[in-house]
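Here's the letter readout for the chains.
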Amino acid sequence: MATRSVKGALIHYHEIALKGKNRSFFLKQLAANLRMASRDLDVGPLRRPAGRLFLEMEEGTSWEELRERLSQVFGIANFAAASRVLPDLDLLSKSIEGEISGRRFASFAVAARRAFKTFPHTSQEINQVIGARVKLASGAKVDLSNPDLTVYIEVLPNEAFYYFEKIRGPGGLPVGVSGTVVCLLSGGIDSPVAAYRMMKRGCRVVFVHFHSQPFADRTSEEKAIDLAQRLTRYQFASRIYLVPFGETQQEVVAGVTSRFRILVYRRLMLRIAEEIARKDGAQALVTGESLGQVSSQTIENIAAIEEATTLPIVRPLVGMDKEEITEQAQQIGTYDISIIPDQDCCSMFAPRQVVTRATDKEISLAESILDLGPLVQGALSAARLVEMSSPA
Ligand code: ATP
Ligand code: MG
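Just so you know, these numbers come straight off a predicted model, no measurement behind them. (Residues numbered from 1 in each chain as written. Chains lettered and ligands numbered in written order. Predicted model: local features only at pLDDT ≥ 70, side-chain atom pairs only at ≥ 80, totals over all residues. Heavy atoms only, no water.)

Within the protein chain, the secondary structure is distributed over 14 helices and 15 strands. Over its C-alpha atoms, taken along the principal directions, the protein chain stretches across nearly 85 × 40 × 35 Å. Across the 392 residues of the protein chain, 53% fall into the buried class. The long-range fraction of contacts in the protein chain, counting pairs at least 24 apart against all pairs at least 6 apart in sequence, stands at 80%. Looking at the protein chain, you have 47 positive and 45 negative side-chain charges, and the mean spots of the two groups are 6 Å apart. (Helix = DSSP H or I, 4+ residues; strand = E, 2+ residues; numbered from the N terminus. Buried < 20%, exposed > 50% of the residue type's maximum accessible area, 1.4 Å probe, protein only. Contact = heavy atoms within 4.5 Å. Lys, Arg positive; Asp, Glu negative; His and termini not counted. Charge placed at Lys NZ, Arg CZ, Asp CG, Glu CD.)

Turning to the nonpolar core, a few remarks are in order. Nonpolar side chains tend toward joint burial in soluble globular proteins. By size, the foremost hydrophobic cluster in this structure holds 40 residues, and its most contacted members are Val182, Phe210, Ile272 and Leu285. At the level of elements, β10 (180-184), β11 (204-211), β12 (237-244), α8 (261-280), α9 (299-306), α12 (345-348), α13 (360-367) and α14 (372-381) are the ones that each hand at least two residues to this core. With 11 residues, the top contributor of residues to this core is α8. Excluding residues that lie within four positions of it along the chain, Val182 makes contacts with Val206, Val208, Ala273, Ile276, Ala277, Ala282, Ala284, Leu285 and Val286. Ranked by size, the runner-up nonpolar core spans 32 residues in total, among them Ile189, Val193, Cys203 and Ile332. (Core = buried A, V, L, I, M, F, W, Y, C linked by side-chain atoms within 4.5 Å.)

For the rest of this paragraph, the subject is the domain arrangement of the protein chain. Taken domain by domain, the protein chain consists of domain 1 (6-168) and domain 2 (180-389). Between the C-alpha centres of domain 1 and domain 2 there is a distance of 43 Å. Opposite the eight residues of domain 1 that make contact, domain 2 presents eight residues. Between domain 1 and domain 2 lies a buried interface of about 730 Å² when both sides are counted; carbon and sulfur atoms form 66% of it. Looking at the side of domain 1 facing domain 2, the largest losses of area belong to Met36, Gln72 and Phe74, adding up to 70% of the total buried there. For the pair domain 1 and domain 2, the interface holds zero salt bridges. One can count zero residue pairs in polar contact (both at pLDDT 80 or more) joining domain 1 with domain 2. Taken together, the residues of the side of domain 1 that touches domain 2 break down into four nonpolar, three polar and one charged. (Domains from an automatic or database assignment. Buried area = accessible area lost by both parts, 1.4 Å probe. Salt bridge = Lys/Arg side-chain N within 4 Å of Asp/Glu carboxyl O. Polar contact = N/O pair within 3.5 Å; in protein donor to acceptor, adjacent residues only side chain to side chain. Nonpolar A, V, L, I, M, F, W, Y, C, P; charged D, E, K, R; others polar.)

Below, the discussion takes up the side chain of Gln249. Turning to its location among the elements, Gln249 is positioned in helix α7 (residues 246-255). If near-sequence neighbours (up to four positions away) are discounted, Gln249 is found in contact with Ser212, Tyr265, Cys345, Cys346 and Phe349.

Judged by side-chain polarity, Leu291, Ile299 and Val318 come together as a nonpolar surface patch covering roughly 260 Å² of accessible area. Along the chain, Ile299 falls in helix α9. (Patch = residues over 30% accessible without salt bridge, like charges linked within 9 Å, V, L, I, M, F, W, Y side chains within 5 Å. Areas by Shrake-Rupley, 256 points an atom, 1.4 Å probe, with all protein chains shown as cover.)

Positionally, Leu231 belongs in helix α6 (residues 219-231). Residue Leu231 is classed as buried on the basis of its relative accessible area, which comes to 0%. On a C-alpha basis, the gap between Leu231 and Ala195 in space is 8.0 Å, while along the polypeptide they are 36 residues apart. Other than its neighbours up to four places away in sequence, Leu231 contacts Pro192, Ala195, Tyr196, Met199, Phe207, Ile332 and Thr334.

According to the stated counting rule, one finds 12 aromatic pairs in the structure shown. Ring centres of Phe74 and Tyr234 lie 5.4 Å apart, and the angle between their planes is 20°; this geometry places the pair in the stacked category. Here Tyr234 lies in the loop between α6 and β12 and Phe74 lies in the loop between α2 (63-70) and β4 (76-85), a separation of 160 residues in the sequence. Every member of this aromatic cluster is reached through a ring pair, and the members are Phe74, Tyr196 and Tyr234. (Phe/Tyr/Trp six-rings, centres within 6.5 Å; stacked < 30°, edge-to-face > 60°.)

Taken together, the side chains of Asp321, Glu323, Glu324 and Glu327 present a region of like negative charge at the surface. Within the secondary structure layout, Glu323 lies in helix α10 (residues 322-332). A relative accessible area of 66% means that Glu323 is categorised as exposed.

Take His209: it is sitting in strand β11. Note: C-alpha distance between His209 and Leu55 (154 residues apart in sequence) is 37 Å. Excluding anything up to four places from it in sequence, His209 contacts Leu185, Ser186, Gly187, Ser220, Glu221, Ala224, Ile240, Tyr241, Leu242 and Val243. Polar side-chain contacts of His209 include one of 2.8 Å to the backbone oxygen of Leu185.

Once that is clear, we can look at the pairing of strand β2 (residues 43-47). Note: β2 against strand β3 (residues 52-57), three bridges, orientation antiparallel. Pairing of Val43 across the sheet is with Met57, part of β3. Adjacent in sequence and paired antiparallel, β2 and β3 are bridged by four residues, among which Gly51 carries a positive phi angle near 70°. (Pairing = 2+ DSSP bridges.)

Neighbouring residues of ligand 1: 21 residues in total, closest Leu184, Ser186, Asp190, Ser191 and Gln293. Between ligand 1 and the protein, one listed contact pairs a nitrogen atom with a backbone N or O atom of Leu185 at 3.5 Å. Ile189 has a polar backbone atom sitting 3.1 Å from an oxygen atom of ligand 1. In terms of residue count, the dominant contributor to the shell around ligand 1 is β11 (three residues). Class assignment of the residues belonging to the shell around ligand 1 gives a composition of eight nonpolar, nine polar and four charged. (Near = heavy atom within 4 Å.)

Below, the structure written as C-alpha cells:
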C-alpha cells in the first residue's frame, strides 16, 4: 500500500450470526451480494480485512449512490465512507489532518479501536495522540459527550481505517444463506412485506401471482410485477410466475358452496405454488396472512388451508397488526404500488359469506367435486414467467 489513503466503504457485519462453519459461507454470500448491488457503479476491488469488508471506491464513485445500495444489502450491521492507510500513527494523523482541513467543527472526539493487541499503542493512547494533533490542526475543542465531529479509527494488523460517520445497515442475513422460498404475492399490502421479511432472514424469494385474466384487466398482474421489481433491489434477481386463475375459479364457483370458496381458492393456490416450489428448488411457501385480519385468516381456517400442501408455510406477518404492516410497507416502498386499485382475483369471485371455522372434513367434501390434478396442471402450464434484475 502506498502512503496515500485509499477510499472505500468499510462494512461491518454482525459477528453473532457467524458461528463456526457458517462463517465462510455467510461471508462469501455477503461479498457476492455486495458485488451484485454495486455492479453498475464504478467501484474497485472488494477486500476482506479481519472481521470487515472494504469495497474500494474509484475516483468517480458517487458515495450517495453507493450508500443507497449498501442500505439494501442484508447482513450489513453498519458501514462508513472510510479511508484506508498504513497502520502508523503519524501517517494516520497526517491523513486525518488533511481531510478535516476543509471541515468546520467547534468540537470533536476520537473513537479509536485497536483490533489486535500487538499494535504498540492502546486505543486510549491512539485517542490521545490523534486528539492532540486534530486539536492543534483545527483549533476545535475536545468534547466526548456531544461532539460536532467524531473521528472513528480502526487499527488492524496490516492497515488502519478512519471515518467520520457510522451508518446503520439493514441488518439481517445475506440473501442466499437461508435457501429459497416461494411467496404468494397478491397485489395487496401484506404479501410484499412478508417477502421482504423473508429476504431479510436470508431467503431468496420466488414470486407467484394469481390473476383473473381474461375475466379481469391486467392491473393486478402489472402491480405484482412492479412489486416484485421493487423488492428485487434486496435480492438483485427475481422470478415471478403469473398464473391465470380465472377458469379455475369459475369451476369452483360452479361446484363449491359459496361459504367455502375462498378456502378452496387458497388451497388451490397453495397446490399450484407447491408445484412451482418443487420445480425451482424452494423449501417453503410464504404468505402475507396475519391472524384474525379477515375471516379466511382465523386459526381454524389457516389450519384448513395449510392442510392442502406438505411444504411448510411461513407467515412472517402472523403476529403483526395492519398498522405495523402498513408502516413497514411504506418504509420499503411497496405501499404506494399496493394501494393502486386493481381487480384482485379473489375479490372478483368472492362470495358474500365466508365460513369462519371450517373443518378438514367439510373442506374435503366441498372440494370433492373438483378434479384437482388437471386444474393444478392446467393453471401451471398456462403460467407466464417474468425475470428481472436490480440494478437493471
Ligand atoms: P395481501 O395484502 O397480501 O393481499 P390480504 O390481507 O389481502 O393479504 P388475503 O386476501 O386473505 O389477505 O390473502 C392472504 C394471502 O394469500 C396473501 O397475503 C397472499 O400471500 C396470498 N394471496 C391472496 N391472493 C393472492 C393472489 N392473487 N396471488 C398470489 N397470492 C395471493
Ligand atoms: Mg389481498
